[in-house]
Amino acid sequence: MSTAAQKPLIRPSASLIIAAPTPGDGVKGGSNYRVLMVKRNARSSFINAHVYPGGVVDTADHFSNWNNNKSTSEQEGNILTNKICAIRETFEESGLLLSHPPANTIKSLDTNVWRKKVHDDASQFKIMCDTYSIRPAIDKLIPFSNWITPIEEKKRYDTMFFLTVLEEFKTKQEQDLHLNVVSADGKETVLFDWLKPEEALQKKEEKQVVMIPPQWYSLTLMNQFKDYKDLESQAGVEAFRTKSDQVIKILPQACPCSPESNEAKEGFQFFLAYPGDEVYKKDAWKISELRET
């Protein structure tokens, strides 16, 4: 068997960063928005980590199932497929459905029933949308970042992260009514938190929650902008994406800690290097990669 054949497949996946404005909050007291964080169960790949809702792309998410435009380019189609995946997985895991028209305006749509159907069979998502004449709100999703699992890991993912900012509600009561549909599915997710970036980062610092690099890195960048109105146009620009929303691929590299380093003294064996770091090996991209399609 060749070395390439032994490499783990890189599975395409998508994740959604959802920011909800907090009515009445000014920026003097911190961010005027909260971000939805999911706590995975102990059996997941992320071991009780707080992450954003999302998951692996399913064949039912493919853009050809949703778009009849023959002129759609491969790049456009790939982004559309990932957006569908992010919205479907968010609905499946949290019950929050981003759609046109809004799901809560469709009285005959029982999201609890369809959430279970979609969880059992991803193709049910398209059936639900067609049945109730709704469309996933793909226009509300902005490409935010693209992370690839380091080559040292056994399970690897090529994950597209999208950012969406919910509309501001007139009152806190109105917002709570809309956001209270969010609940754990009891299978993949065990709880949800709506946290301001500074709150989430503080919880990580105090070791109250576990976060992996894409989460704490993105929250750190978002925390630079206290007003939700600045997120879509400025957060992550030049670090994760360009001003025209072209995402930058990020492939962290695991590097051994030197014995005399503070990290080694704290019990760490490796640290992650990122593109631009002095120790980052640029030729890592030349390594043959396998991507599941």
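Our structure's up above, just so we're on the same page.
Quantities reported herein were computed from a predicted structural model and do not represent experimental measurements.

Q: Residue-level account of the nonpolar core, with values.
A: Grouped together as the largest cluster of nonpolar side chains are 38 residues, with contacts concentrated most on Leu97, Leu98, Leu109, Phe125, Met128 and Trp194. Elements supplying a minimum of two residues to this core: strand E1 (10–21), strand E2 (33–40), helix H2 (74–94), helix H3 (111–120), helix H4 (124–131), strand E8 (156–165) and strand E9 (189–195). For this core, the element with the most residues is H2, which contributes six residues.

Q: Report on the packing of helix H6 (residues 197–205) against helix H7 (residues 213–222), specifying residues and quantitative values.
A: With their axes 9 Å apart at the nearest point, H6 and H7 run at an angle of 135° to one another. By the angle class used here, H6 and H7 are oblique. When you trace H6 past H7, the crossing you get is left-handed. When H6 is examined against H7, the residues Pro197, Ala200, Leu201 and Lys204 are found in contact with a partner set consisting of Trp216, Leu219 and Thr220. Across the contact of H6 with H7, the residue classes break down as five nonpolar, one polar and one charged.

Q: Could you give me a rundown of H2, with the residues and numbers involved?
A: The first and last C-alpha atoms of H2 sit 30 Å apart over 21 residues, in line with the 30 Å expected at 1.5 Å per residue. Most of H2 sits inside the fold, with 16 of its 21 residues counted as buried. Looking one or two residues beyond H2, the residue adopting positive phi is glycine 95, at roughly 90°.

Q: Describe the packing of H3 against H4, and please don't skip the residues or the numbers.
A: Put simply, H3 and H4 touch, their axes get as near as 8 Å, and they point 145° apart. Mapping the contact onto sequence places Trp114, Lys117 and Val118 in H3 and Gln124, Phe125, Ile127 and Met128 in H4. Taken together, the residues of the contact of H3 with H4 break down into five nonpolar, one polar and one charged.

Q: Let's hear about H3: which residues, and what values?
A: Every buried residue of H3 is listed here: Trp114, Arg115 and Val118. The arc that holds every buried residue of H3, seen down its axis, measures 110°, which confines them to one face. Away from its buried face, by an angle of more than 90 degrees, H3 presents the exposed residues Asn112 and Asp120. Lining the buried residues of H3 we find H2 and H4.

Q: Please set out the pattern of salt bridges residue by residue, giving values where relevant.
A: With the rule as written, the count across this model stands at seven salt bridges. Between lysine 126 and aspartate 130 there is a salt bridge, and its shortest N-O distance comes to 2.8 Å. With lysine 126 and aspartate 130 both in helix H4 and four residues apart, the pair spans about one turn of that helix. Linking lysine 249 and aspartate 158 is a salt bridge whose minimum nitrogen-to-oxygen distance equals 3.8 Å. In this pair, lysine 249 sits in strand E10 (residues 249–250) while aspartate 158 sits in strand E8, placing the two residues 91 residues apart along the sequence. Judged by relative accessible area, which is 8%, aspartate 158 ranks as buried.

Q: Before we move on, could you go through the packing of aromatic side chains and cite the residues and values that matter?
A: We describe a pair of aromatic rings using the distance from one ring centre to the other and the angle between the two ring planes. Inspection of every chain in the model, using the stated rule, returns 11 aromatic pairs. Judged by centre distance (5.5 Å) and plane angle (80°), the ring pair of phenylalanine 144 and phenylalanine 240 falls under edge-to-face. Separated by 96 residues along the polypeptide, phenylalanine 144 in strand E7 (residues 142–148) and phenylalanine 240 in the loop between helix H8 (231–234) and E10 bring together distant segments of the chain. Seen in terms of ring centroids, tryptophan 147 and tyrosine 274 are 5.9 Å apart; in terms of plane orientation they differ by 80°. Their pairing is edge-to-face. Here the residue tryptophan 147 occupies a position in strand E7, and tyrosine 274 occupies one in the segment after strand E12 (270–273), the gap between them amounting to 127 residues.

The rules behind the values
- Residues numbered from 1 in each chain as written.
- Predicted model: local features only at pLDDT ≥ 70, side-chain atom pairs only at ≥ 80, totals over all residues.
- Heavy atoms only, no water.
- Core = buried A, V, L, I, M, F, W, Y, C linked by side-chain atoms within 4.5 Å.
- Buried < 20%, exposed > 50% of the residue type's maximum accessible area, 1.4 Å probe, protein only.
- Helix = DSSP H or I, 4+ residues; strand = E, 2+ residues; numbered from the N terminus.
- Axes fitted to C-alpha atoms, helices over the stretch in contact; angles between N-to-C directions.
- Parallel < 35°, antiparallel > 145°, perpendicular 65-115°, else oblique.
- Left-handed = near helix turned anticlockwise from the far one by under 90°.
- Contact = heavy atoms within 4.5 Å.
- Nonpolar A, V, L, I, M, F, W, Y, C, P; charged D, E, K, R; others polar.
- Expected span 1.5 Å × (residues − 1).
- Arc of directions from axis to C-beta.
- Salt bridge = Lys/Arg side-chain N within 4 Å of Asp/Glu carboxyl O.
- Phe/Tyr/Trp six-rings, centres within 6.5 Å; stacked < 30°, edge-to-face > 60°.

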